[in-house]
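# Coordinates in review
Here's the letter readout for the chains.
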Amino acid sequence: MKRLALSDEDAEARRLVISWMTKAGMEVRIDQIGNVYATRPGTDRTLPCVLMGSHIDTVPTGGAFDGTLGVLGAIEVVRTLNENHVTTLRDIEVGFFTEEEGVRFGTDMLGSAVTAGRITLDDAHALTDDDGHTVADELVRTGFDGPAHHRRPIPHAYIECHIEQGPILAGAGVEVGLVTGVQSISWQRLTVRGEAAHAGTTPIEYRHDAGLIAAEVIVKLRRMCDSGTYGALRATVGKITFGPGQTNVIPDTATLTIELRNPVDQQMSAAEEHLADVVRDLTARHGVQTTLDRMAKRPLCRSTNRCKSSSPGPPTTSDWTTHRPCPVPDTTPRKSLRSAPPHDLRRRREQRNQPHPQGVLKPPRLRQRNRPPRQRNPPAGQSSRHLSESRPRVLCFPNYQIRGLRAHVSSDSSATQSSG
Ligand SMILES: [Zn+2]
């Protein structure tokens, strides 16, 4: 299932879901970031509503039920209430949020982040996809640039039914789990700069193969997970590109995303530190340059106490208010970890002209023609920031999320689980 946010397919699905909401007798409103809410009035409309819902966009290879279960399930709840002539004290709202997955415009849970005030509407509107289309343009194009204010009132409670996104509950024969929190998430981008050279004529020991570093990082991450040193660490390299990307050319660049999750903040920090050490070590051993850039980081976030099964009732408004704030996402721009300072590379180049430890003088390395000269030091008066601007643009966004607003069905009732 591929239904990227604000694509034609998403727009069609949105219109279909809205038609079901309307048929169920609900009033629909669309806000300025394209979030859709449908209301079934309660008897006291001054009270905060009970909100249910999820998302209907998908990743490029999404399952049919991810997100949609929470939206269509919520509509079914309203239909059932209608059929049984049940009145409720509070309004019931069914909602779905724009670009929950974050795959098209690069910021996950975008619609809920704007609603919660963790990203401004202007910043969200300005985000672009790989083809340069902005969120704002796509909202207009699909007709979902709604008039409703983007900061919705805080609901009395939020209920989201979600499929299990892992094998744990099913394996244990448990039908329903309750999320107790969202584990810490860290996204980083590793850029490796080696040297392109001929695949056939460059001996192995002369190479500065960016692809090799990428491969080693992937294996090291897996070993970190297997070691148990970092608790229940989960590490994923989901995206990797090599340059120049030719069959017979040793890669001179490798760019990979590194996604870490951990239910314990301290173990997450330890894993990040070890990863940095690993990258430093690989950099030194292989004579390359590396840059580790922060894309997003969010600490562990626990659900409200009332969400635990031992609690008899739903959270009160005061619970909501007191528990709602989560640890503020770590938005501090992390200084890029630039390994192999230029003087090291220079030293290595000088060493190349020294007698080889085994007594063989290394010939000068082959340089690929047309390779832009590597800028080693910023020109006088130019800050290192200018240097970073000459590198590929790095988008740095914290991983926004409405905490406490979400109540995914977890794949592991005892552990924390990310939404998405
Ligand atoms: Zn989902």
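Attention shifts here to the overall build of the protein. A count of helices and strands for the protein gives 11 helices and 13 strands. Within the protein, contacts between residues at least 6 apart in sequence are counted, and of these 76% link residues at least 24 apart.

Glancing now at the pairing of strand β2 (residues 36-40). For β2, the tally of buried residues reaches five of five residues, placing the bulk of the element in the interior. Where burial is concerned, the two faces of β2 agree: the one with Val-36, Ala-38 and Arg-40 and the one with Tyr-37 and Thr-39 are both buried. Note: strand β1 (residues 27-30) against β2, four bridges, orientation antiparallel. Considered in β2, the bridge of Arg-29 is made with Tyr-37. Count of turn residues in the β1/β2 antiparallel hairpin: five residues, of which Gly-34 carries a positive phi of about 85°.

Right, let's get into unusual backbone geometry. In the segment running from Gly-243 into Pro-244, the intervening peptide bond is cis, with an omega of 0°. Topologically, Pro-244 is positioned in the loop between β9 (240-243) and β10 (253-262). One non-glycine residue, Leu-6, lies in the positive phi region at around 60°. With respect to the helices and strands, the residue Leu-6 is situated in the segment before α1 (8-23). For Glu-99, which is not a glycine, the phi torsion comes out positive at approximately 50°.

Turning our attention to the pairing of strand β7 (residues 184-193). Of all 10 residues in β7, nine are buried; the element is thus mostly enclosed. As judged from the 10 bridges shared by β7 and β10, these two strands associate in the antiparallel manner. When the bridges of β10 are listed, Ser-184 appears paired with Asn-262. In this structure, β7 lies alongside strand β11 (residues 289-298), joined through nine bridges in antiparallel fashion. Residue Gln-188 lies in a different strand from β11, and its bridge partner there is Arg-294.

For the rest of this paragraph, the subject is the sheet that holds strand β4 (residues 92-96). The strand order across the open sheet formed by five strands is β1-β2-β4-β3-β5, and the pairing between neighbours is mixed. Edge positions in the sheet fall to β1 and β5 (157-159), since each of these pairs with one other strand and no more. Averaged over neighbouring strand pairs, the angle between their axes works out to 25° when direction is ignored. Two elements, strand β3 (residues 50-54) and β4, share five bridges in a ladder whose sense is parallel. In the strand pairing of β4, Ser-54 is matched with Phe-96. The sheet contacts of helix α2 (residues 68-83) involve β2, β3 and β4, and relative to β3 the element is tilted by about 140°.

A low pLDDT score tells you not to read the predicted coordinates there in detail. Across the protein, pLDDT averages 79, with 72% of residues at or above 70. The low-confidence segment residues 307-420, where pLDDT is below 50, has 174 contacts with residues more than four positions distant or belonging to other chains.

You can see His-162 is positioned in the loop between β5 and α6 (168-172). The exposure class of His-162 is buried, given the 24 C-beta atoms found within 10 Å. Considered as a pair, His-162 and Gly-177 are 15 residues apart in the sequence and their alpha carbons are 9.9 Å apart.

How each quantity is defined
- Residues numbered from 1 in each chain as written.
- Predicted model: local features only at pLDDT ≥ 70, side-chain atom pairs only at ≥ 80, totals over all residues.
- Helix = DSSP H or I, 4+ residues; strand = E, 2+ residues; numbered from the N terminus.
- Contact = placed C-beta atoms within 7 Å.
- Buried ≥ 20, exposed ≤ 12 C-beta atoms within 10 Å, placed from the backbone.
- Pairing = 2+ DSSP bridges.
- Axes fitted to C-alpha atoms, helices over the stretch in contact; angles between N-to-C directions.
- pLDDT = per-residue confidence, 0-100.

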